[in-house]
2 protein chains.
Amino acid sequence: MRMLDIIIKKRNGGELSHDEIFFFVNGYSSGAIPEYQVSPLLMAIFFRGMNDIETAYLTEAMLNSGEVVDFGALPAYKVDKHSTGGVGDKISLILAPVAAACGLAVPMISGRGLGHTGGTLDKLESIPGFNVHLTLARFKEMVTDIGVSMIGQTQEIAPADKKLYALRDVTGTVESIPLICGSIMSKKLAEGIDGLVLDVKVGSGAFMKDIESARELARSLVAIAKNMGKSCFAFLTDMSEPLGDYVGNALEVIESIELLKGNIDDRQLELTVALAGKMLELSGACGFEEACARARATIHGGSALAKFRELVRAHGGDDSCVDDYSVLPQAKLQYEVKAATDGYVTSIATTMVGLSAIALGAGRGSLDDIIDHASGIKLVKKVSDPVREGDTLGVLYYNDESKIERAAELFSQAYRISDEERAKEELFLGTVG
Amino acid sequence: MRMLDIIIKKRNGGELSHDEIFFFVNGYSSGAIPEYQVSPLLMAIFFRGMNDIETAYLTEAMLNSGEVVDFGALPAYKVDKHSTGGVGDKISLILAPVAAACGLAVPMISGRGLGHTGGTLDKLESIPGFNVHLTLARFKEMVTDIGVSMIGQTQEIAPADKKLYALRDVTGTVESIPLICGSIMSKKLAEGIDGLVLDVKVGSGAFMKDIESARELARSLVAIAKNMGKSCFAFLTDMSEPLGDYVGNALEVIESIELLKGNIDDRQLELTVALAGKMLELSGACGFEEACARARATIHGGSALAKFRELVRAHGGDDSCVDDYSVLPQAKLQYEVKAATDGYVTSIATTMVGLSAIALGAGRGSLDDIIDHASGIKLVKKVSDPVREGDTLGVLYYNDESKIERAAELFSQAYRISDEERAKEELFLGTVG
């Protein structure tokens, strides 16, 4: 088998076989196939695509390049959630303890924020002492003991994906649905899960701006999982404005705890319940409606919050933050962005809100940026809200005076206010399962 | 300027600027841009193409990566011919002395044969002593002195093209019209020519199998030359069967000398006259018809043959071969391939004839193959000829017994004989100018 023939086959629109895909992934991993032959194949895949079977083989090859967690005889149903990312999306922090409190095992390997979207690891690290860098052995132990653990990617997980991703990043081959799907799924399936629930975001703050491309991404992800013998279900949900009222790491931790305490009843709760309900349904425990009721009960009954405390402690974090938010990093300064006119909020350019958060220090513009966990944004007005000139649209929290001007400019530019009232987008825009 | 942005721009169908194209060609030449970023750009060019302006910039960048011959005050019009290659195409050997005998300066840098097509350098090297490896200084001197020189590519000519071609060869990006055109033209324009005549072959033995794709290639080549301020004209000519009666290096030299002696009056002569006529017309000396008459007169008057002798001697070759063909390598063995049935030759699979010649040792299947200059093929029957069972279709000349079986099989498979008479393809299928 020659790499050149594989490149030409894909270039000409052919379907790569199991052996061809494993040949190229393993050859690149081992260094036998040079980067200059891998990158044109990636470009050919960008143009020609891959069908579901090819994408499943790619996922399998990348998955098998590293370790796959094996929970052995653990009786609990092992299930995770993956979100394609957005602004203010803190659902993992709420969902993981809810699902674990339902009796599910939740082995969650997450990423950091980059660009306008936030990352679960950064949010968790705003809790003093919380260690996301555990070994896979400790991770497995924790999931076995308390039903949940939340860590970052380790070197053992899908190293071929890491190497391929680094190459895609410098060769203009990031934006390819099969390559994106293979990358996501090889990491998720390394968690040793039985099932996976997907939250595919749609709208101005999401990777997928329209429902059709989001549905295509969801369809492809679900197909890979099923081709690899896993249960999988995807929700398409709105990301045309930030999720919830807060953006920023410590601020989102507080909002998550408030949700777990039952103090917030909004679409974040709705989404958490739906995702947890689907996870429980996939486990075969009960039907979707009863599953949602059980998920909701873990919040009202306090078992989800207790599981959250347990999770924080197990990761070395200070769980007194649950009762005393001053334990979390707090910004010294606040700035209120005011409305310049009367009307209704008709849209929020979500990416711009994310960029405003980056400008405050809450996110990363580039990989080397250091995060200020205290900084962030409270969205006082959301889409469809009426506003009057001088009303506060949002509050910016920050520590560095030099950053506020740019951040405030970005934030106020994100808001479109007009005379016509505009209804909020629906939260649930579709499903693929 | 970042290579990544250039890749993404082309991937998305954008037009690359002069600066972007020079940035990537110069950066790759110097080693500043890694191969793993060049090869996906080449693949994106494969898919998205390049317009005439981009292709001219690419050509210019590759041309300028090396030396361009400067003939200074040499008054003669400097002109060359490029053929896209075929089987039995020995026209350069005839045309160069004809054109030089017409008073044109012909600085010809040629290639070797690879695959089923032959190469001018291999043919010349079948003349004992003929040295195609001259320095550019000696080349220039010879063109200045006798009006013609025929050499191989030197290290100084378009090194960026050499480096890019080697990368294309292992990354599935050879078959791209703009990349092919840039590669051809950067080498040709390095000869320091004022004008160029193209012979774009069409048919079963050519790179372009149909007239539309041949016309597109010709159009692109002519556009590059004109964008770079050179005169250029393309003939589209038939390669649905081998050109002339002989295939093989020494055999083609003999056929060329016979043509120069005026002993052959066939389409090879027609083609030579048309190409030389167009070269002379481009020089502004006279109109096409008169130019063709002048070209023809160099053959009948003997000045072309005299120029050929001069050329051979100047390159260190033994010009007694002109009078005594036994000076040239001669095969020890002959084998006649016979017709198995009565009828007419309706087609000859030209590529297969080329492969038969390779099997005999007359060509290269891979770059490392060593050529047997004596071996080759005489085509006794051509398309439209009537044949009877047992007639000789062709004679194979060879030195190595072990090769004849495969070669004869390929040769006889190339012939299609049927009851219906079929007219020969026209020689001239179109022009672009």
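Here's a quick rundown of the structure. Keep in mind the model is a prediction, meaning the values are calculated, not measured.

1. Some words on the state of the cysteines
Residues and elements named next belong to chain B.
And then number 1: The tally for this structure, following the rule as stated, stands at 0 disulfides over all chains.
And then number 2: Here Cys 102 is not cross-linked by a disulfide; its sulfur's nearest cysteine counterpart is in Cys 286, at 8.4 Å.
And then number 3: Not part of a disulfide, Cys 232 finds its nearest cysteine sulfur in Cys 181, a span of 10 Å.
And then number 4: For Cys 232, a relative accessible area of 4% puts it in the buried group.

2. Digging into the side chain of Thr 346 of chain A
And then number 1: Counting through the fold element by element, Thr 346 of chain A comes out in strand β8 (residues 343-348).
And then number 2: For Thr 346 of chain A, the residues in contact, after removing those within four places along its chain, are Val 383, Arg 416, Ile 417, Ser 418, Glu 420 and Arg 422 of chain A.

3. Examining the sheet that holds strand β1 (residues 79-83) of chain A
All names here are of chain A.
And then number 1: The mixed open sheet is built from 4 strands, whose spatial order is β1-β4-β5-β13. Taken across any chain shown, the strands that pair with only one partner, and hence form the sheet edges, are β1 and β13 (428-432). Averaged over all pairs of adjacent strands, the angle between their axes in this sheet comes to 20°, without regard to strand direction.
And then number 2: Of the strand pairs in this sheet, β1 and strand β4 (residues 195-202) are connected by 5 bridges, and their pairing is parallel. Looking at the pairing, His 82 lines up with Leu 198 of β4.
And then number 3: In the packing of helix α9 (residues 177-189) onto the sheet, the strands contacted are β1 and β4, and the crossing angle to β1 comes to about 155°.

4. So, helix α1 (residues 3-11) of chain A
And then number 1: Regarding α1 of chain A, the residues found buried are Met 3, Leu 4, Ile 6, Ile 7, Lys 10 and Arg 11 of chain A. Around the axis of α1 of chain A, the buried residues are gathered within 160° of arc, so they sit on the same side.
And then number 2: Elements that come into contact with the buried residues of α1 of chain A comprise α2 (18-30), α3 (35-48) and α4 (52-63) of chain A together with α3 (35-48) and α8 (159-171) of chain B.
And then number 3: With its phi angle positive at about 90°, Gly 13 of chain A sits one or two positions after the end of α1 of chain A.

5. Description of the environment of Ile 193 of chain A
Residue and element names in this part refer to chain A.
And then number 1: Relative to the elements of secondary structure, Ile 193 occurs in the loop between α9 and β4.
And then number 2: According to the relative accessible area criterion, Ile 193 is buried, its value standing at 1%.
And then number 3: For the pair Ile 193 and Ala 306, spaced 113 residues apart in sequence, the C-alpha to C-alpha distance is 24 Å.
And then number 4: What Ile 193 contacts, discounting residues up to four positions off in sequence, is Lys 78, Val 79, Asp 80, Pro 107, Lys 188 and Lys 230.

The rules we used
- Residues numbered from 1 in each chain as written.
- Chains lettered and ligands numbered in written order.
- Predicted model: local features only at pLDDT ≥ 70, side-chain atom pairs only at ≥ 80, totals over all residues.
- Heavy atoms only, no water.
- Disulfide = S-S within 2.5 Å.
- Buried < 20%, exposed > 50% of the residue type's maximum accessible area, 1.4 Å probe, protein only.
- Helix = DSSP H or I, 4+ residues; strand = E, 2+ residues; numbered from the N terminus.
- Contact = heavy atoms within 4.5 Å.
- Pairing = 2+ DSSP bridges.
- Axes fitted to C-alpha atoms, helices over the stretch in contact; angles between N-to-C directions.
- Arc of directions from axis to C-beta.

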